[in-house]
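Residues per chain are reported as follows:
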Amino acid sequence: MTITSAAEGLDTPDISVNRFARIASLPVRQPVLALSCALLLAFGALAVVSPWITADPAALDPLSRLQSPSLAQPFGTDQVGRSVFARALTGTRVSLSVGIAVAILTTLIGVSIGVVAGYFRSVDKIVMRAMDAVMAIPAILLAIALVALIGASPVVIVTAISLPEIPRMARVVRASVLTLRERVYVEAAIICGGRTTAILGRHILPGAAGPIMVQSTYVFASAMILESILSFLGAGTPPDVPSWGNMMSEGRQFLQIAPWILGFPALMLAITVLAANLLGDALRDLLDPSFAGGEMR
Amino acid sequence: MSAVLEVSGLTQIFTSRKGPFGLFGRRELRAVDDVSFAVARARTFCLVGESGCGKTTIGRMVVRLLRPTAGSVHINGEDFGNLSGETLRKKRQQVQMVFQDPLACLNSRMTAAEIVEEPLQNFGIGDAMSRRRKVARLFDQVGLPQHFRARLPHHLSGGQRQRLGIARALAADPALIVADEAVAALDVSIRSQILNLLKDVQREIGISYLFISHDLAVVRYLADDVAVMYLGAVVEQGPAETVFAAPAHPYTRALIDSVPAVHPRNRRRRAPLEGEVPSAASLPSGCRFRTRCPFATDICARHAPAVTEITPGHAVACHHARSLPRFDAPGPGRTATPDAVA
């Protein structure tokens, strides 16, 4: 049965129908992938629409401070009467945008370094030893030092978080490129007169796309955690901009009388990071056939 | 006679470092040692030998996936072995390759038409329209239906994939195609189709082949000239008919004897080779075949035999080439190519 349908599938003229059916059946075939994507998309949507659906996150209301969650204040209020719901949703923007910016920056730089190191063997040792050196620096220490030196701006925070992630991405990409460059079809492309740029772009990078996507989801997750840690330590997002990290830092003092101030941003961070990690795992299972369990093609 | 490919003194030495950090010197491995031959236009030159004898390394040097350690590779009289960079890339148009594994040599993300068009794009041949026409012509030439153009390699059968590989090799109008075990991975029936395709193409456009194989039946069917290799060196070389009818080197004889007979009536008494192929990292003194040669004498251990012509065009590297017992060569029927040859 499956054999006949596969044979018919070869000559199916309208591939778009197949593609639509494949996407429509995704929640059934890949429940983890679908769930994590849905969660991340929901958080992304919340981050975008938060200014329109919540009160001003900076509005003080000292009369109604430290109120527990209610219908009017779904996540309660903090020690100066600001809405924790509004602040947590605004914090989503900070976390997600830092996560995405770090993921993009790390991917761009890490992939370039990894491809160069993996394909051009002469520079490999020098570049990778430099990467090892960067990796040896503790990420948080480096970030705090950078923020202390230059000051806490979004650019500095993103740079500070990206820097220690770049070697990890470079290693993953280098490892893929090292195996891909030995493939016979790459040799065939060289014999067919391919320029180095064409060989890298057409024959090697597409093969490394899987590991790159997986690694960038992990970078996305760990960047959000690092941003929260930095903000918690007071070296990250400035206090006037609500972020999950500095909300938790402020809420820590009221943990015993108003646990919701710390609890809700922590919960949202946990869910987002979990969703990102699950997405990474699901993608790895899907894209890397050596991990069993994913749907084989 | 102007040769399409002329190889002389070709040598490849692989070095690896010994011990931690390479502190204990280098280990040298002579994969190919001073090999010379020439391939004329519209002719097929076959390299035969056991696996590990260096025939593939020669192929890789001829297509310049490897730079020769020493010696020269000339294509149509022009240097190819020492080029690099953009001059090498442009010159690659002259030498294309057909691979052993027809699936591994095709990028699984590219359609059949894209694969065949790639060399045309790379070498800047024609505009988009003329390239499309050329791809269509190539599909006809190798016997692939036009509606396969949008298919991916894994949608094709093994024989169709190899036809696609041949179409790609032909696309840039090369003077020489290096075929490394090009039919070894195919079914016997498909094998003869591909061999016939290669022959037909040669007849049509006068292309030359450097065909690398361990399969004597295939070599016998295809070859105009043969070089038999053992441990990185050519031990016997000459026109295919002569070499198969009157093999003058003990190793060539052993190779021919080792082909199993198709019919029990043709079964031969044979003296199989004893022992293992020595390591290319520590070659025996004198003749490199002496450790397994039934005719070896003292001189074989002391002096490496020079390559000498015993009849015009037929050269052998053996001290005893003229004094070996007569060899009753099997008839062509016994080692003929797969019966499916039409």
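The model shown is predicted, which means the values in this text are computed figures rather than measured ones.

A.B. asks: Would you mind showing me how to read the overall build of chain B here?
C.D. replies: If you tally the helices and strands in chain B, you get ten helices and twelve strands. On C-alpha atoms alone, chain B measures out to a radius of gyration of 21 Å, which is about the 20 Å that the 2.2 N^0.38 rule sets for 342 residues. In terms of its C-alpha atoms, chain B occupies a principal-axis envelope of roughly 70 × 60 × 45 Å. Considering chain B as a whole, with its 342 residues, one finds that 44% of them fall into the buried category. Here the contacts in chain B between residues at least 6 apart in sequence split such that 67% fall between residues at least 24 apart.

A.B. asks: What is the right way to read the overall build of chain A from this model?
C.D. replies: Helix and strand counts for chain A stand at twelve helices and zero strands. Ordered by position in the sequence, the α and β elements of chain A form the string α-α-α-α-α-α-α-α-α-α-α-α. When the backbone C-alpha atoms are referred to their principal axes, chain A occupies close to 75 × 55 × 30 Å. Relative to its full complement of 297 residues, chain A shows a buried share of 41%. Sequence-distant contacts, at least 24 apart, represent 66% of the contacts inside chain A between residues at least 6 apart.

A.B. asks: What should I look at first to understand the packing of helix α3 (residues 112-122) of chain B against helix α5 (residues 158-171) of chain B in this one?
C.D. replies: Packed helices, taken two at a time, are described by their axes: the angle between them and the distance between them. All names here are of chain B. Where α3 meets α5, the closest approach of the two axes is 7 Å, and the angle between their N-to-C directions is 25°. Of the possible angle classes, the one that applies to α3 and α5 is roughly parallel. For the element pair α3 and α5, the recorded crossing hand is right-handed. Of α5, the residues touching α3 (which contributes A112, I115, V116, P119 and L120) are L164, A167, R168 and A171. In the contact of α3 with α5, the residues fall into eight nonpolar, no polar and one charged.

A.B. asks: Even after reading the chapter, I still don't get the pairing of strand β9 (residues 225-230) of chain B, so can you show me in this structure?
C.D. replies: The side chains of a regular strand alternate between the sheet's two faces. Residues and elements named next belong to chain B. The buried count for β9 comes to six of six residues, which makes it a mostly enclosed element. Across four bridges, the pairing between strand β3 (residues 44-48) and β9 is parallel. Note on β9: the bridge partner recorded for V48 is V228.

A.B. asks: Please explain the nonpolar core as it appears in this structure.
C.D. replies: Nonpolar side chains in soluble globular proteins tend to be buried together. One finds V62(B), A167(B), L210(B) and M229(B) to be the most contacted residues of the largest nonpolar core, which totals 163 residues. Considering every element that reaches this core, the biggest residue donor is helix α5 (residues 84-119) of chain A, with 16 residues. Setting aside residues up to four positions removed in sequence, V62(B) forms contacts with L5(B), V7(B), V73(B), V95(B), V178(B) and L210(B).

A.B. asks: Would you explain the pairing of strand β8 (residues 208-213) of chain B in this entry?
C.D. replies: Residue and element names in this part refer to chain B. Most of β8 sits inside the fold, with six of its six residues counted as buried. Burial along β8 is two-sided: the face carrying S208, L210 and I212 and the face carrying Y209, F211 and S213 are both buried. When β3 meets β8, the two strands line up parallel, connected through five bridges. Bridge pairing in β8 places V48 opposite S213. Of the pairings in the sheet, the one linking strand β7 (residues 176-180) to β8 comprises five bridges and is parallel in character. The residue of β8 that forms the bridge with A179 is F211. Handedness of the β7-helix α6 (residues 188-205)-β8 crossover: right-handed.

A.B. asks: What is the right way to look at helix α4 (residues 31-53) of chain A in this model?
C.D. replies: Residues spaced three or four apart along an α-helix face the same direction, because each turn holds 3.6 residues. The largest bend in α4(A) comes to about 40°, at A47(A), with the proline P51(A) one to four residues further on. On its buried face, α4(A) is in contact with α3 (26-29), α5 and α12 (260-287) of chain A.

A.B. asks: What should I look at first to understand the environment of L141(A) in this one?
C.D. replies: Residues and elements named next belong to chain A. Within the element layout of this structure, L141 appears in helix α7 (residues 139-150). Taking the C-beta count within 10 Å as the criterion, L141 has 10 such neighbours and is therefore assigned exposed. For the pair L141 and L230, spaced 89 residues apart in sequence, the C-alpha separation works out to 9.8 Å.

A.B. asks: What exactly am I supposed to notice about the interface of chain A and chain B here?
C.D. replies: Between chain A and chain B, the residue contacts involve 14 residues of the former and 20 residues of the latter. Of all elements in the fold, only α9 (184-191) and α10 (196-232) of chain A reach the threshold of two or more residues within the side of chain A that touches chain B. Its residues placed into classes, the side of chain A that touches chain B shows eight nonpolar, three polar and three charged.

A.B. asks: Hey, could you run me through unusual backbone geometry in this one?
C.D. replies: When glycine is set aside, most residues are seen to have a negative phi, and most peptide bonds are trans. A positive phi is found at L66(A), a non-glycine position, where the angle reads about 55°. Notably, L231(B) is not glycine yet its phi reads approximately 50°, a positive angle. Following the sequence through the fold, L231(B) ends up in the loop between β9 and β10 (233-239).

A.B. asks: Would you mind going over the sheet that holds β8(B) with me for this structure?
C.D. replies: Sheets are built from strands paired through backbone hydrogen bonds, the pairs being either parallel or antiparallel. All names here are of chain B. Ordered in space as β6-β7-β8-β3-β9-β10-β12-β11, the eight strands form an open sheet in which the pairing is mixed. Looking at strand neighbours, the two that pair on one side only are β6 (95-98) and β11 (308-311), the edges of this open sheet. For this sheet, the mean inter-axis angle between neighbouring strands, taken without regard to orientation, is 20°. Summarising the sheet, β10 and strand β12 (residues 314-316) pair through two bridges and their orientation is antiparallel. Note on β12: the bridge partner recorded for E236 is V316. Of the strands in this sheet, β9 and β10 touch helix α9 (residues 250-257), which is tilted by about 100° from β9.

A.B. asks: Which parts of the structure should I look at to understand the packing of α9(A) against α10(A)?
C.D. replies: Residues and elements named next belong to chain A. Relative to each other, α9 and α10 sit at 155°, their axes nearing to 10 Å. Taken together, the axes of α9 and α10 are roughly antiparallel relative to one another. Here the hand of the crossing between α9 and α10 comes out right-handed. Within the contact between the two elements, α9 uses Y185, V186, A189 and I190 and α10 uses I199, H203 and I204. Broken down by class, the residue content of the contact of α9 with α10 amounts to six nonpolar, one polar and no charged.

Definitions and limits used
- Residues numbered from 1 in each chain as written.
- Chains lettered and ligands numbered in written order.
- Predicted model: local features only at pLDDT ≥ 70, side-chain atom pairs only at ≥ 80, totals over all residues.
- Helix = DSSP H or I, 4+ residues; strand = E, 2+ residues; numbered from the N terminus.
- Rg over C-alpha atoms; globule rule 2.2 N^0.38 Å.
- Buried ≥ 20, exposed ≤ 12 C-beta atoms within 10 Å, placed from the backbone.
- Contact = placed C-beta atoms within 7 Å.
- Axes fitted to C-alpha atoms, helices over the stretch in contact; angles between N-to-C directions.
- Parallel < 35°, antiparallel > 145°, perpendicular 65-115°, else oblique.
- Left-handed = near helix turned anticlockwise from the far one by under 90°.
- Nonpolar A, V, L, I, M, F, W, Y, C, P; charged D, E, K, R; others polar.
- Pairing = 2+ DSSP bridges.
- Core = buried A, V, L, I, M, F, W, Y, C linked by C-beta atoms within 7 Å.
- Right-handed = clockwise from strand over helix to strand, strands pointing away.
- Bend = angle between axes of the 7 residues up to and from the residue.

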